[in-house]
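Tertiary structure, described
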Amino acid sequence: MADVALVTGASSGIGLHLVRGLAQRGFAVAGLARSAGTLAEAMAAVAETTGARVLGVPCDVTDRAAVEAAVARVTEELGHVDLLVNNAGLIDAAEVPLWEADPDQWWEVVASHVQGAFLLCRSVVPWMLLRNRGRIVNIASGQSVRVNPIYSAYGVGKTGLVRITEALHAALEGSDVAVFDLAPGVVETSMTRSMSMWEGKTDWTPPDDVVAFVAALASGDLDHWSGRLLRVGADDPAVLAGTTPEGDARRLRLRPYGPDDPLG
């Protein structure tokens, strides 16, 4: 029986590339997205071209009842989730400083990343623990560890996602369930093309590289990197497989101001 992958934000962009690429690699794939019509068309196309078992489930990942119902349907039709990819997320629409942002849209962006990942993990992880197997990949960003004044909500959301990953990793210690942050580089999507910071960019990250990295994480060969941030394009899975991280490498931490820093 094929391993089951669940990908959020699956109707377009990186999410759709992941659904297609994982299906080509033999996974049975469930894709979640808010846009029912677009999602159905996308999943049907993937099923037709790959011959894989593909399921599209309309779902707002910030809606607890909808997430619980979606995971139940995926489990019933495909089986328990072996690989969860939390990819869904919005971006600051106005590209303005925090005090000029629309409060509702700002919070919607944060919730899409943080609440969405929380609710999916809350529904999926208990079954992974019961079966003592599973991989979770949270799609992070360079904005998880850098500041951009016109994308404050996106930065808060992605940084929060890193903390979720670290908290999960600590709670999962001793099990065969691993969780990773993966920054995908800059893939050309409708979202990235809309961002002023990428205007004129031509050296986009190939989406196949993102799929290959997620597949490498799913294989279990990089489990010793659980709880840490990795980046497509900068990191080579083959090198990571033979490298053991130490201490707080690739974790979100304060940098001491000097040897006498009491918080160092």
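Residues numbered from 1 in each chain as written. Predicted model: local features only at pLDDT ≥ 70, side-chain atom pairs only at ≥ 80, totals over all residues. Heavy atoms only, no water.

Here we take up the overall build of the protein. Along the protein, the regular secondary structure elements total eight helices and seven strands. Its C-alpha atoms give the protein a radius of gyration of 18 Å, near enough to 18 Å, the size a compact globule of 264 residues would have. Seen through its principal axes, the protein has C-alpha atoms that stretch 60 × 45 × 35 Å. Buried residues in the protein amount to 47% of all 264 residues. Sequence-distant contacts in the protein: of pairs separated by 6 or more residues, those separated by 24 or more amount to 68%. Carbon and sulfur atoms provide 53% of the accessible area of the protein, an area that totals close to 12,700 Å². Separation of charge centres in the protein, based on 21 positive and 32 negative side chains, amounts to 3 Å. (Helix = DSSP H or I, 4+ residues; strand = E, 2+ residues; numbered from the N terminus. Rg over C-alpha atoms; globule rule 2.2 N^0.38 Å. Buried < 20%, exposed > 50% of the residue type's maximum accessible area, 1.4 Å probe, protein only. Contact = heavy atoms within 4.5 Å. Areas by Shrake-Rupley, 256 points an atom, 1.4 Å probe, with all protein chains shown as cover. Lys, Arg positive; Asp, Glu negative; His and termini not counted. Charge placed at Lys NZ, Arg CZ, Asp CG, Glu CD.)

Where helix α1 (residues 13-24) meets helix α2 (residues 36-50), the closest approach of the two axes is 10 Å, and the angle between their N-to-C directions is 25 degrees. Here α2 runs roughly parallel to α1, going by the angle between their axes. Judged by the sense of rotation from one axis to the other, the crossing of α1 with α2 is right-handed. Contacts between α1 and α2 involve Leu16, Val19, Arg20, Ala23 and Gln24 on the former and, on the latter, Ala42, Met43, Val46 and Thr50. Considering only residue class, the contact of α1 with α2 consists of six nonpolar, two polar and one charged. (Axes fitted to C-alpha atoms, helices over the stretch in contact; angles between N-to-C directions. Parallel < 35°, antiparallel > 145°, perpendicular 65-115°, else oblique. Left-handed = near helix turned anticlockwise from the far one by under 90°. Nonpolar A, V, L, I, M, F, W, Y, C, P; charged D, E, K, R; others polar.)

Moving on, we get to the nonpolar core. In terms of nonpolar packing, the biggest core is built from 38 residues, with Leu83 and Val137 touching the most fellow members. If you list the elements that add at least two residues to this core, you get β1 (4-8), α1, β2 (28-33), α2, β4 (83-86), β5 (134-139), β6 (177-183) and α7 (207-218). Top element by residues in this core is α7. It accounts for seven residues. With near-sequence residues (within four places) excluded, Val137 lies in contact with Leu83, Leu84, Val85, Asn86, Phe180, Leu182, Val214 and Leu217. By size, the runner-up hydrophobic cluster in this structure holds 31 residues, among which are Leu32, Val71, Leu78 and Val177. (Core = buried A, V, L, I, M, F, W, Y, C linked by side-chain atoms within 4.5 Å.)

This part covers the environment of Val125. The topology assignment puts Val125 in helix α4 (residues 103-131). The class for Val125 is buried, based on a relative accessible area of 7%. Measuring from C-alpha to C-alpha, the distance between Val125 and Arg163 comes to 16 Å, with 38 residues separating the pair along the chain.

Strand order in the open sheet formed by seven strands is β3-β2-β1-β4-β5-β6-β7, and the pairing between neighbours is parallel. Every other strand in the sheet has two partners, leaving β3 (54-58) and β7 (229-231) as the edge strands with one partner each. Looking at each pair of strands side by side, their axes are set apart by 20 degrees on average, direction ignored. One ladder, built from four bridges, connects β4 with β5; its direction is parallel. Bridge assignment links Leu84 to a residue of β5, and that residue is Ile136. Across the sheet, α1 lies against β1, β2, β3 and β4, angled at about 170 degrees from β1, the strand it touches most. Packed on one face of the sheet, helix α3 (residues 64-77) meets β1, β2 and β3 and runs near 160 degrees to β3. (Pairing = 2+ DSSP bridges.)

Okay, unusual backbone geometry next. One non-glycine residue, Glu95, lies in the positive phi region at around 55 degrees. Position of Glu95 among the secondary structure elements: in the loop between β4 and α4. With relative accessibility at 21%, the residue Glu95 sits in the partly exposed group. The backbone of Arg250 shows a phi angle near 60 degrees, a positive value even though the residue is not glycine. When you line up the elements, Arg250 lands in the segment after α8 (237-241).

The N-to-C vectors of α1 and α7 enclose an angle of 60 degrees; their axes lie 9 Å apart at closest approach. By the angle class used here, α1 and α7 are oblique. Between α1 and α7 lies a crossing whose hand is right-handed. Across the interface between the two elements, Ile14, His17, Leu18, Gly21 and Leu22 of α1 pack against Pro207, Val210, Val211 and Val214 of α7.

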